[in-house]
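Structural characterization, general
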Amino acid sequence: QVQLVESGGGLVQPGGSLRLSCAASRSILSFNAMGWYRQAPGKQRELVARIFKSGSTDYADSVKGRFTISRDNAKNTVYLRLNSLKPEETALYYCNTRDAWDEYWGQGTQVTVSS
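One structure accompanies this document, and this report is about it. This one's a predicted model, so the numbers in the text were calculated from it and none came from an experiment.

1. Observations regarding the overall build of the protein chain
Assigned secondary structure in the protein chain consists of 0 helices and 11 strands. Its C-alpha radius of gyration of 13 Å places the protein chain within 12% of the 13 Å reference for a compact globule of 115 residues. By principal-axis analysis of the C-alpha atoms, the protein chain measures approximately 40 × 25 × 25 Å. When contacts within the protein chain are restricted to residue pairs at least 6 apart in sequence, those whose partners lie at least 24 apart make up 52%. Accessible surface for the protein chain amounts to roughly 6,100 Å². Of this, 46% is attributable to carbon and sulfur atoms. Computed over 14 positive and 10 negative side-chain charges, the separation of the two mean positions in the protein chain equals 4 Å.

Conventions we followed
Residues numbered from 1 in each chain as written. Predicted model: local features only at pLDDT ≥ 70, side-chain atom pairs only at ≥ 80, totals over all residues. Heavy atoms only, no water. Helix = DSSP H or I, 4+ residues; strand = E, 2+ residues; numbered from the N terminus. Rg over C-alpha atoms; globule rule 2.2 N^0.38 Å. Contact = heavy atoms within 4.5 Å. Areas by Shrake-Rupley, 256 points an atom, 1.4 Å probe, with all protein chains shown as cover. Lys, Arg positive; Asp, Glu negative; His and termini not counted. Charge placed at Lys NZ, Arg CZ, Asp CG, Glu CD.

Have a look at this one:
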C-alpha cells in the first residue's frame, strides 16, 4: 500500500505557471510508473503525464511542450511543472500509481486558472 499526498495547487492567471508535488509514503521506484491526472467539473478524469521507472515520460497531446513531469527518488516525490496555463485547465489534479494489488490516488490539489 502507499499514500500519495499532492500539494502546490492554487490560483494562477492565464499564461502563468505552477509546480505540483506528489509525496509518496514509500519508494516511488517500487512502481512501474507514477502519473498525474486531472478532472475538470463535469468532465471525465484524464491522464496528463506519466513517468516510468526507467525515467521515460509521456504526455497528453494537449500539454506537450508546456508541462514537465519529473521526480526526486530520494524524496519519493514526483513533480508536475505546469507552464503557459489556460483557463480550461482549471481542474483537480491527482497523483496516481498502481501495483500488482491495487490502484492508488491522492486527494488531489486544485488548480484554478483565471484572471
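After that view, the rundown keeps rolling.
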